[in-house]
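# Per-entry structural report
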Amino acid sequence: MPIEAISISHHEAIRIGNKIWQNECGGKVIGLTSWNEGEDFASLGIGHFIWYPKGTRGPFEESFPKLVTFISSHGAKLPQFLLSASDACPWNSRREFNEAQNSSEMKQLRQFLVDAIDLQAEFMVARMQNALPKLLNEAPRFQRANIQRQFDRVSSTIGGAYALIDYVNFKGEGVLSTERYNGQGWGLLQVLEGMSELEKGVAAVEDFARSAASVLTRRVRNSPPARNEARWLPGWLNRIHTYSNA
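First, a word on what this report is: a plain description of the structure on this page.

## Some thoughts on the nonpolar core
One recurring pattern in soluble globular proteins: nonpolar side chains tend to sit buried together. One finds Phe64, Tyr167, Leu188 and Phe208 to be the most contacted residues of the largest nonpolar core, which totals 77 residues. In terms of residue count, the dominant contributor to this core is helix α9 (residues 160–171) (eight residues). Discounting residues that sit within four places of it in the chain, Phe64 has contacts with Leu44, Phe49, Ile50, Trp51, Leu82, Leu109 and Leu113.

## A closer look at the pattern of salt bridges
Enumeration over the complete set of coordinates arrives at 14 salt bridges. A salt bridge links Asp207 to Arg153, with the nearest nitrogen and oxygen atoms 2.9 Å apart. Of the two residues, Asp207 is situated in helix α11 (residues 202–222) and Arg153 in helix α8 (residues 144–155); the sequence distance between them amounts to 54 residues. One exposure class covers both Asp207 and Arg153, and it is buried. Put simply, Glu61, Lys66, Arg127, Lys134 and Glu173 are held in one network by salt bridges that share partners.

Reading the values: rules and limits
Residues numbered from 1 in each chain as written. Predicted model: local features only at pLDDT ≥ 70, side-chain atom pairs only at ≥ 80, totals over all residues. Heavy atoms only, no water. Core = buried A, V, L, I, M, F, W, Y, C linked by side-chain atoms within 4.5 Å. Buried < 20%, exposed > 50% of the residue type's maximum accessible area, 1.4 Å probe, protein only. Helix = DSSP H or I, 4+ residues; strand = E, 2+ residues; numbered from the N terminus. Contact = heavy atoms within 4.5 Å. Salt bridge = Lys/Arg side-chain N within 4 Å of Asp/Glu carboxyl O.

Following this line, the structure appears as structure tokens:
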């Protein structure tokens, strides 16, 4: 089946990027360099892109090194410590990261991210545009037509591009075997699998938000008790609610 590229203007990409920045850390510059309690990775930039320390590889897809490569390929100047460092986060723990908040490396990193807001937005758009072939490849053959239909249904709606870009940045494509609890994922693929309606317009985004809320609630129910993911669910659901109000 044909896969058509979704056209998003630079201006719209920036608008969506700023909304995602607001979702992640209230649109605050200090929030561009974060390490959340209970996590074993740094969360950087407007999309809180994941960066693992050396020797650490968790179940979630690492995206910050890919962002750095994307920004560099567009001619942006990288901080010196990023040029000389490996792909690994130089801070080994949340404590180390927080203690370094006023270090020269952290200030360089934060300024780099401030200067590259537009490229971070474009990076997230590109990830969403590249997602559909991955979803169709991963999905059972009998589900592929519905997945493309639901993707097209949402993407053709005002506010739909924001919902797709935010969710795939927020919870991934849903194609990695490591991103599963009890064999069930929580990415974009699983949200689209949970949709079956045909009506377009606002109803499409509302259907997407309904399915996303169900998928995230299931994730929390399936999650290891030690992670206490229930503490995050209200914020996740509030974020999903913004899709219908985009």
